[in-house]
Amino acid sequence: MPRFLSRLPIDGYLLALIGMVVLAALLPAGGQAAVVLDGVVKVAIALLFFLYGARMSPAAIGAGLMHWRLQGAVFLSTFLLFPILGLGIVFLMRGSLQPDLLTGMLYLCLLPSTVQSSIAFTSIARGNVAGALTSASLSNLLGVIITPLLVAWLIGGAGGGIRLQSILDIGLQILAPFAVGQLFRPMLVGWLTRHAKLTSMVDRGSILLIVYAAFSEGMVAGVWSQVSLGDLAKVLALNLALLAIVLSLTLTIGRALKFNRGDRIVILFCGSKKGLAAGVPMASILFASASVPLIVLPIMLFHQIQLFACTIIAQRYAREDAARLKDEPQVEAV
């Protein structure tokens, strides 16, 4: 990080995220540029998971899959805790918020977790990356089925249905590069261990690209012009409160169940996220097209808020871990 940024009270990476939002507002990618950007984001995510696959031992992956307490905690946070909070929002805000926005708040709570940012933040925070990979991937795969069922039950979506293409997209974008990375692991693991900063750069770079792409898409679609400032302020406040509550509860759950530091980080990041990449395509299937822009607006806002908040939290965990490792030799010497 440049020296002048390190002296600021705000983390330099957070400033970079803000810069992406400003850039998207001033120069949103539209038309052919948006198509190119989408391709670049997909390549960055594929590279990220290829590197994870090359670095992660098969034993660690197996342990992540078999860690049923961890997977259960993330699953219950994603598909039980969030929906309960969403129903509470509907109860409290009915009549006080535009109906499509209120539907969007509940729909947000029914979505699966993110994959790339959950794992990237877990990696930045030096948590259990194997556990995060399995938790986030399972959440998305199960979410393709569970989310439409929850929408039909709690909202009564128009149409419903589950797309096989969604499952294939997850496999091609995430699991295939990871599997290829596992294949090349014997040849690359030594080099990657010596160049650990490469994965860190890809972690952070992929999130910056995701922020720009998501915010840019909203600018081009004109969703901001379809809502009053009052309703926008309410949605922002609700999203902030929702994320704060879930972050607090997932942190408390991790401690109460006596998970180790790495697993607590997984529950915190995977259990508090909601996926924009999964939410927007599913919304176009589950709801009438005229309602979709306003229904996905809360997801877009929550997505930005969770990235900013989790950037600060992940960087704090990373600094604490670096300080702990720095102090360890001194303790052993005594």
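Residues numbered from 1 in each chain as written. Predicted model: local features only at pLDDT ≥ 70, side-chain atom pairs only at ≥ 80, totals over all residues. Heavy atoms only, no water.

Draft legend 1. Representation of the pattern of salt bridges in the model. Under the criterion given, the structure shown has two salt bridges. Salt-bridge contacts for Asp38 lead to Lys42; the nearest nitrogen and oxygen are separated by 3.3 Å. Taken together, the residues span about one helical turn, with Asp38 and Lys42 both in helix H3 (residues 32-55) at a distance of four residues. Residue classification places Lys42 among the partly exposed residues on the basis of a relative accessible area of 42%. Among the ionic pairs, Glu320 bridges to Arg316, the shortest N-O distance being 3.3 Å. Linking Glu320 with Arg316, this pair stays in helix H14 (residues 292-333), spanning four residues, or about one helical turn. (Salt bridge = Lys/Arg side-chain N within 4 Å of Asp/Glu carboxyl O. Helix = DSSP H or I, 4+ residues; strand = E, 2+ residues; numbered from the N terminus. Buried < 20%, exposed > 50% of the residue type's maximum accessible area, 1.4 Å probe, protein only.)

Draft legend 2. Broad picture of the confidence of the model for the chain. Of the residues in the chain, 82% reach a pLDDT of 70 or more, and the chain-wide mean stands at 80. At the level of individual helices and strands, the chain shows its lowest average pLDDT in helix H1 (residues 3-6), which scores 42, and its highest in helix H11 (residues 229-256), which scores 94. Considering only residues more than four positions removed or in separate chains, one finds that residues 1-10, a stretch of pLDDT under 50, has eight contacts. (pLDDT = per-residue confidence, 0-100. Contact = heavy atoms within 4.5 Å.)

Draft legend 3. Fine view of helix H5 (residues 68-93). The terminal C-alpha atoms of H5, which comprises 26 residues, lie 36 Å apart, in line with the 38 Å expected from a rise of 1.5 Å per residue. In the structure, H5 departs most strongly from a straight axis at Ser77, where the bend amounts to approximately 35°. Following H5 by one or two positions, Gly95 adopts a phi angle in the positive range, close to 90°. (Expected span 1.5 Å × (residues − 1). Bend = angle between axes of the 7 residues up to and from the residue.)

Draft legend 4. Focus on a nonpolar patch on the surface. Taken together, the side chains of Phe75, Leu76, Leu80, Ile84, Leu138 and Leu142 present a nonpolar region at the surface, about 510 Å² in accessible area. Mapped by element, the contributors of at least two residues to the nonpolar patch are H5 and helix H8 (129-154). Note that Phe75 resides in helix H5. (Patch = residues over 30% accessible without salt bridge, like charges linked within 9 Å, V, L, I, M, F, W, Y side chains within 5 Å. Areas by Shrake-Rupley, 256 points an atom, 1.4 Å probe, with all protein chains shown as cover.)

Draft legend 5. Focus on helix H12 (residues 261-270). In terms of residue burial, H12 counts as a mostly covered element, since eight of its ten residues are buried. Every buried residue belonging to H12 is among Gly262, Asp263, Ile265, Val266, Ile267, Leu268, Phe269 and Cys270, and all of these are buried. For H12, the capping residue at the N-terminal end is Asn260, with a side-chain oxygen 3.2 Å from the backbone nitrogen of Gly262. (Polar contact = N/O pair within 3.5 Å; in protein donor to acceptor, adjacent residues only side chain to side chain.)

Draft legend 6. Up close: the packing of aromatic side chains. Evaluation of the coordinates by the stated rule reveals four aromatic pairs. Their ring planes at 55° and their centres at 6.4 Å tell us that Phe50 and Phe184 sit as a pair that is tilted. With a gap of 134 residues between them, Phe50 in helix H3 and Phe184 in helix H9 (residues 164-194) connect regions that are remote in the sequence. Between Phe82 and Phe302, the aromatic rings sit 6.3 Å apart at their centres with planes inclined by 85°, giving edge-to-face as the arrangement. Taken together, the residues Phe82 in helix H5 and Phe302 in helix H14 connect sequence positions 220 residues apart. Phe302 shares its class with Phe82; the two are buried. The cationic tip of Arg69 hangs over the ring face of Phe259; the distance from NZ or CZ to the ring centre is 4.6 Å. The positively charged end of Lys274 is found above the aromatic ring belonging to Phe79, 5.8 Å away from the centroid. (Phe/Tyr/Trp six-rings, centres within 6.5 Å; stacked < 30°, edge-to-face > 60°. Lys NZ or Arg CZ within 6 Å of the ring centre and 35° of its normal.)

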